[in-house]
Amino acid sequence: MANTSSERRSPSSTSACVVCGSTDARVLSSTRLQAGERVTVCGSHKTAHQRSEKIAVTIEELKTLTADRRAS
Ligand SMILES: [Zn+2]
């Protein structure tokens, strides 16, 4: 098998809110998807997820659940 010489991962994917992309370490936290997978989110999106009626199954669903719903 190939050598795992490129074990380093892009740092941009490790500590940023998966919803808004915030990299401010002071507000970063994490939430869990339905399968128990931990994903990084900022504080406000963590709260938004907790307030939503359901637990997201995927990151895409998490984005949808926590998106601003502005009734116009
Ligand atoms: Zn966020």
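It should be noted that the structure appears before, not after, this text.
First things first, this report covers the structure right here in the doc.

Okay, the overall build of the protein chain next. A tally of helices and strands in the protein chain yields two helices and two strands. Mapped in sequence order, the helices and strands of the protein chain form the string β-β-α-α. The buried share of the protein chain, reckoned over its 72 residues, is 17%. Sequence-distant contacts, at least 24 apart, represent 23% of the contacts inside the protein chain between residues at least 6 apart.

Next up on the list: the pairing of strand E2 (residues 38–42). In the sheet, strand E1 (residues 28–32) pairs with E2 via five bridges, with the strands oriented antiparallel. Each bridged residue has a counterpart across the sheet, and for leucine 28 the counterpart in E2 is cysteine 42.

On to the environment of valine 27, then. Assignment of secondary structure puts valine 27 in the segment before E1. Here the alpha-carbon distance between valine 27 and cysteine 42, two residues 15 residues apart in the chain, equals 5.3 Å. Beyond its immediate sequence surroundings of up to four residues, valine 27 is in contact with Ser22, Cys42 and Gly43.

Take the nonpolar core next. In this structure, Cys17, Val18, Val19, Val41, Cys42, Ala56 and Leu62 together form the largest nonpolar core, which totals seven residues. Discounting residues that sit within four places of it in the chain, cysteine 42 has contacts with Cys17, Cys20, Ser22, Val27, Leu28 and Ser29.

The rules behind these values
- Residues numbered from 1 in each chain as written.
- Predicted model: local features only at pLDDT ≥ 70, side-chain atom pairs only at ≥ 80, totals over all residues.
- Helix = DSSP H or I, 4+ residues; strand = E, 2+ residues; numbered from the N terminus.
- Buried ≥ 20, exposed ≤ 12 C-beta atoms within 10 Å, placed from the backbone.
- Contact = placed C-beta atoms within 7 Å.
- Pairing = 2+ DSSP bridges.
- Core = buried A, V, L, I, M, F, W, Y, C linked by C-beta atoms within 7 Å.

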